[in-house]
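Topology and contacts: notes
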Amino acid sequence: MPNIEVEQIVNMYVIPFGIKILSAIAIWIIGGIVIGMLTNLLRRAMTLRKVDPTLITYSESSLRVALRIALVMAILDVCGIQTTSFAALIAAGGVAIGVAWSGLLSNFAAGIFLVILRPFKVGDAISAGGQTGEVTEIGLFSTTMTTGDNLRVYVGNSKIFSDNLVNYSANSHRRVDLKCQIANGVNPLEAIEVLKRHVTKVANITSTPEPTIEILEFNAAGSLITVRPYCSNKDYWQVYFDTNKAIAAACAEAGWPVPAVHQVAIHQNQV
């Protein structure tokens, strides 16, 4: 008699429950494979159509999240859990989570606007959210950048979208702003000609527009000359440092004295 009861329990509860567990595991594994295939198919299709890499990554992430949610709902349905009540529970919990995670949701919303408005794309050099670097990925909640000192930085999309954004790669060329202080007694017009001869030899500066070398101001030390060559964004730091070297070479060749502020003391005879 006890054996019959055990057999009935096994047949009525254990076996059906085991079948549900095995089915859930099988659905999870197969579903994961299918999701991977679909997302890869989407990426390949968008790549063949030469869609922007930013939009490809964003679409792939969105599709993966949506399919994972659908997969979990299917597994719950197989296990006998009513998904309608579960969906209502998710909706109720979503309100509470939305209040607690308002910053995260604002990052998500800002990410959507970044993809739609496209102020920058993957590969652009930007300055946003207090960071400057090359964009490597625009995610659902944050944008990933690689800085000039090879650090990976993650900046919330809402911070990028709500703050001032500078895209250094948007235009074909960029200006390098440097200065050269000339001492008193040196003719600034002659100094400009000497600087031009050296600066125009710097590699990767553009001929159109031409480098701007002009008197910026007169101060107590002498004349302050501005040196402004133009170059593409990828050559910015090379032109920056090489132009500084060209300025130093021009000063050494001309033998200009070191600029310094001169003080004149006037002694008055006391009566």
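Located above this text is the structure these notes cover.
First, a word on what this report is: a plain description of the structure on this page. Here the structure is a predicted model, which means the values were calculated and not measured.

Cut-offs used in this document
- Residues numbered from 1 in each chain as written.
- Predicted model: local features only at pLDDT ≥ 70, side-chain atom pairs only at ≥ 80, totals over all residues.
- Heavy atoms only, no water.
- Helix = DSSP H or I, 4+ residues; strand = E, 2+ residues; numbered from the N terminus.
- Buried < 20%, exposed > 50% of the residue type's maximum accessible area, 1.4 Å probe, protein only.
- Core = buried A, V, L, I, M, F, W, Y, C linked by side-chain atoms within 4.5 Å.
- Contact = heavy atoms within 4.5 Å.
- Phe/Tyr/Trp six-rings, centres within 6.5 Å; stacked < 30°, edge-to-face > 60°.
- Lys NZ or Arg CZ within 6 Å of the ring centre and 35° of its normal.

1. Remarks on the environment of Ile-112
The residue Ile-112 is located in helix α4 (residues 102–117) in this model. Here Ile-112 falls in the partly exposed class, since its relative accessible area comes to 31%. In this structure, the C-alpha to C-alpha distance between Ile-112 and Leu-55, residues 57 residues apart in sequence, is 9.9 Å.

2. Re the nonpolar core
Within the largest apolar cluster, 22 residues are counted, with the highest numbers of intra-cluster contacts made by Ile-182, Leu-195, Ile-213, Ile-225, Val-227 and Trp-256. Among the elements of the structure, β7 (178–183), α6 (188–199), β9 (222–228) and α7 (236–254) are those that each provide at least two residues to this core. Sequence-distant contacts of Leu-195, defined by excluding residues within four places in its chain, comprise Cys-180, Ile-213, Ile-225, Val-227, Ile-247, Ala-250 and Trp-256.

3. A word on the packing of aromatic side chains
Applying the stated criterion across every chain, the model contains six aromatic pairs. Residues Tyr-236 and Trp-237 carry aromatic rings whose centres are separated by 5.0 Å and whose planes lie at 85° to one another, so their mutual orientation is edge-to-face. Overall, Trp-237 belongs to the exposed group, its relative accessible area being 52%. Relative to Tyr-240, the ring of Tyr-236 has its centre 6.1 Å away and its plane inclined at 35°; by these criteria the two rings are tilted. Linking Tyr-236 with Tyr-240, this pair stays in helix α7, spanning four residues, or about one helical turn. Between Arg-68 and the ring centre of Trp-28, over which it is positioned, the NZ or CZ distance is 5.0 Å. The ring of Tyr-236 is capped by Arg-174, whose NZ or CZ atom sits 3.7 Å from the centre of that ring.

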